[in-house]
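Report on the structure
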Amino acid sequence: MTTQFELTEDQLAIQDMARKFTADAITPFAAEWDEKHHFPKDVIKEAAELGFASIYVSEASGGIGLGRLEAALIMEAMAYGCPTTSSFISIHNMAAWMIDCFGNAEIKERYLPRLNTMDIMASYCLTEPSSGSDAAALRTTAKLEGDHYVVNGTKQFISGAGVNDLYVTMVRTGGDGAKGISCLVIEKDMPGVSFGAPEKKLGWNASPTAQVIFDNVKVPLENRVGAEGDGFRFAMAGLDGGRLNIGACSLGGAQRCLDESIKYTKERQQFGQPVADFQNTQFMLADMATDLEASRALLYLAAAKVTANAPDKTRFSAMAKRLATDNGSSIVDRALQLHGGYGYLKDYPIERFWRDLRVHSILEGTNQVMRMIVGRDLLRQ
């Protein structure tokens, strides 16, 4: 940002590029992807041609080396067409960044060139059936035997499970708690890797979600990212950015539904005049726009803090994620109300965004956990 409240020319150009890509390649097809539960792998690979598979992978590793604000602009723009597709790309970026930021030269050289082009795609595996918010209680084990780890356990709610090629996985190599967790890159075709049935979800139908199951999977020692015991630290660092991205996806979806509501209420006639002429409608639209802009301002600030590695970056990331996802869902819900019965129909896009944005207050840390993070950080001061 050149001033406190303006995007730079480069940031505006990135935003414009993402918006044009969305208008051409995502928005016209998103409803069909949702209805048919189609995973648009070809379109996602097109995004990689713009650098969107390696947004904050360093230029030295073949990425485009942008900051977290630029990433948020891209995610917000793509979510205007399809929050599911944008979120999927965000997860791939998190996994690639983790390898680039914490991996050694050998593992970076082995995987990043193909991750940057999405010739291979990556998932992030932290959550388990018995450990969601309490991530440090994970039970997936990795026992070192000579030159490899033997991995056993199950990961839950994994986006891209069964489709993606790599799984950046948090495993227990030591004792209980956060210090016993390490990070391994596990390949889809390693013997003992399998996947659960695709989950039947309320939304996010354009990307697959399933369990990832490890049964005596032998993972070479060189597939460890960083040192033993550092995995939880990597996971939390990744979530600072992931929370910004999922918040940005809520912003994009909310903006789309606000725009649709303005258009609809101008066209819809009741009692001899456009619905938009009623003061109640104008008040609803005004509140939706205000909530959206407040959320956007906080999220952009938090993104700048994460890029700058500010000491309060985690608190601001949690605050921004909580506000953007809560407000995003609320804005879409009000948009559905303004559309009346038509908003409940799949002929209009509102109900799809209502379904897709609902999960944003759960994943990347529930919004209740976001409040815990903020409260604890405030009391430490």
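Residues numbered from 1 in each chain as written. Predicted model: local features only at pLDDT ≥ 70, side-chain atom pairs only at ≥ 80, totals over all residues. Heavy atoms only, no water.

A tally of helices and strands in the chain yields 11 helices and 10 strands. For the chain, the C-alpha radius of gyration of 21 Å lies close to 21 Å, the compact-globule estimate for 381 residues. Along the first, second and third principal axes, the C-alpha atoms of the chain reach 80 × 45 × 35 Å. Relative to its full complement of 381 residues, the chain shows a buried share of 55%. With an accessible surface of roughly 16600 Å², the chain has 53% of that area assigned to carbon and sulfur atoms. Side chains of the chain give 39 positive and 47 negative charges; the mean places of these two sets differ by 5 Å. (Helix = DSSP H or I, 4+ residues; strand = E, 2+ residues; numbered from the N terminus. Rg over C-alpha atoms; globule rule 2.2 N^0.38 Å. Buried < 20%, exposed > 50% of the residue type's maximum accessible area, 1.4 Å probe, protein only. Areas by Shrake-Rupley, 256 points an atom, 1.4 Å probe, with all protein chains shown as cover. Lys, Arg positive; Asp, Glu negative; His and termini not counted. Charge placed at Lys NZ, Arg CZ, Asp CG, Glu CD.)

On to the packing of aromatic side chains, then. How two aromatic rings sit relative to each other is given by the distance of their centres and the angle of their planes. Tallying each qualifying case throughout the model produces nine aromatic pairs. Between Phe21 and Phe52, the aromatic rings sit 6.4 Å apart at their centres with planes inclined by 85 degrees, giving edge-to-face as the arrangement. Highlighted residues: Phe21 in helix α1 (residues 9–25) and Phe52 in the loop between α3 (41–49) and α4 (68–79), separated in sequence by 31 residues. Residue class for Phe21 comes out buried when judged on its relative accessible area of 10%. The class for Phe52 is buried, based on a relative accessible area of 1%. Between Tyr264 and Tyr348 the ring centres are 6.0 Å apart and the planes differ by 90 degrees, which places this aromatic pair in the edge-to-face class. Placement of the pair is Tyr264 in helix α7 (residues 231–267) and Tyr348 in the loop between α9 (313–338) and α10 (350–358), with a sequence separation of 84 residues. Tyr264 gets classed as buried once you look at its relative accessible area, which sits at 10%. Exposure remark for Tyr348: the relative accessible area of 28% places this residue in the partly exposed category. Ring-pair connections join several aromatic residues into one group, and the members of that group are Trp97, Phe102 and Phe234. Between Arg68 and the ring centre of Trp97, over which it is positioned, the NZ or CZ distance is 4.8 Å. (Phe/Tyr/Trp six-rings, centres within 6.5 Å; stacked < 30°, edge-to-face > 60°. Lys NZ or Arg CZ within 6 Å of the ring centre and 35° of its normal.)

With that settled, consider the pattern of salt bridges. Overall, the coordinates contain 17 salt bridges when judged by the stated rule. Here Glu128 ties to Lys155 by a salt bridge, and the two come within 2.8 Å at their closest N and O atoms. Within this pair, whereas Glu128 is found in the loop between β1 (122–125) and β2 (141–145), its partner Lys155 is found in strand β3 (residues 148–159), the two being separated by 27 residues in sequence. Relative accessible area serves as the criterion here: at 4%, Glu128 is assigned to the buried category. With a relative accessible area of 0%, Lys155 lands in the buried category. For Asp326, the salt bridge identified is with Arg371, shortest N-O distance 3.3 Å. (Salt bridge = Lys/Arg side-chain N within 4 Å of Asp/Glu carboxyl O.)

Our next topic: the pairing of strand β7 (residues 209–220). As judged from the nine bridges shared by β3 and β7, these two strands associate in the antiparallel manner. Opposite Ile158, over in β7, you have Ala210 as the bridge partner. Here strand β6 (residues 193–195) pairs with β7 via three bridges, running antiparallel. Looking across to β7, one finds that Ser194 is bridged to Ile213. (Pairing = 2+ DSSP bridges.)

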